[in-house]
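Summary of the model geometry
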Amino acid sequence: MRQVGIFGKRKSGKSALMYALTKHKVNAAFRAMEISGVTRVMLVDTVGVDVEDSTAEKSAQSVEVALMLITDDSFELEMAWINKLRKAGSSIIVVISQADKFSDGGKALAAAAKEVSGLKTLCVSSVTGAGVVELDEEIEKQLGMRN
Ligand SMILES: Nc1nc2c(ncn2[C@@H]2O[C@H](COP(=O)(O)OP(=O)(O)OP(=O)(O)O)[C@@H](O)[C@H]2O)c(=O)[nH]1
Ligand SMILES: [Mg+2]
């Protein structure tokens, strides 16, 4: 099955994002009566990239699209993982996670991350739901499921 992996440090919001994306997917599928959209792709939650022997290491080899979560401006470790994922052949989307915690909605951090990584960067909050639809659309775009 095609896999989309969720990567990030401990407590960066990986599991919450997985739940938010899944919930959005299921709701959208029921609206469209198109359940295939839910089952075609598997979302993979991983153990923090800052944990030794992280499951992220194994997942990095098999995901087609990787979401790399960033929550603050020290994202050197995330950048190292981005390079690793690139080498493994994954497309990568940078996610400013827990965006509701920033007074500017994560915009400044997103600009910095985009500058450094050169990658598509989106601000998402699993609590308010802000950015979830846009992220889902971007994932589908990277998977070639939409233009
Ligand atoms: N305000 C806010 N809090 C969030 C958001 N997403 C997650 N959290 C909180 O952040 C904490 C960690 O979230 P998790 O989703 O468990 O993070 P994780 O990356 O899966 O954590 P580990 O699996 O332990 O590495 C929890 O207390 C969540 O309630 C968000 O979008 N906004
Ligand atoms: Mg988790």
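Re the pairing of strand β3 (residues 65-70)
The element β3 is extensively covered by neighbouring structure, given that 6 of its 6 residues are classed as buried. Neither face of β3 is left uncovered, since the one carrying V65, L67 and L69 and the one carrying A66, M68 and I70 both have all their residues buried. Relative to strand β4 (residues 91-96), β3 runs parallel, the two being bridged by 6 bridges. By the bridge assignment, L67 is partnered in β4 with I93.

Some remarks on the site of ligand 1
Residues in contact with ligand 1 amount to 14 residues; listed here are only the nearest, K11, K14, A16, D100 and S126. Q98 is positioned with one of its side-chain polar atoms (N or O) 3.2 Å from an oxygen atom of ligand 1. D100 has a polar side-chain atom sitting 2.6 Å from a nitrogen atom of ligand 1. The fraction of the free accessible surface of ligand 1 (650 Å²) that becomes covered by protein chains is 69%. Taken together, the residues that form the shell around ligand 1 break down as 2 nonpolar, 6 polar and 6 charged.

Examining the pattern of salt bridges
Applying the stated rule across the entire model yields 7 salt bridges. A salt bridge links E140 to K25, with the shortest nitrogen-to-oxygen separation between them at 2.3 Å. Here the residue E140 occupies a position in helix α6 (residues 132-142), and K25 occupies one in helix α1 (residues 14-32), the gap between them amounting to 115 residues. Take E140 and K25: they sit in the same class, and that class is buried. One salt bridge connects K84 with E57, and the closest N-O pair in it is separated by 3.3 Å. In this pair, K84 is assigned in helix α4 (residues 76-87) and E57 in helix α3 (residues 56-59), connecting sequence segments 27 residues apart. Residue classification places K84 among the partly exposed positions, given a relative accessible area of 32%. Residues joined by salt bridges that share partners form a network here, namely K25, D136 and E140.

What counts, and at which threshold
- Residues numbered from 1 in each chain as written.
- Chains lettered and ligands numbered in written order.
- Predicted model: local features only at pLDDT ≥ 70, side-chain atom pairs only at ≥ 80, totals over all residues.
- Heavy atoms only, no water.
- Buried < 20%, exposed > 50% of the residue type's maximum accessible area, 1.4 Å probe, protein only.
- Helix = DSSP H or I, 4+ residues; strand = E, 2+ residues; numbered from the N terminus.
- Pairing = 2+ DSSP bridges.
- Near = heavy atom within 4 Å.
- Polar contact = N/O pair within 3.5 Å; in protein donor to acceptor, adjacent residues only side chain to side chain.
- Areas by Shrake-Rupley, 256 points an atom, 1.4 Å probe, with all protein chains shown as cover.
- Nonpolar A, V, L, I, M, F, W, Y, C, P; charged D, E, K, R; others polar.
- Salt bridge = Lys/Arg side-chain N within 4 Å of Asp/Glu carboxyl O.

That's the geometry; what it means functionally is another story.
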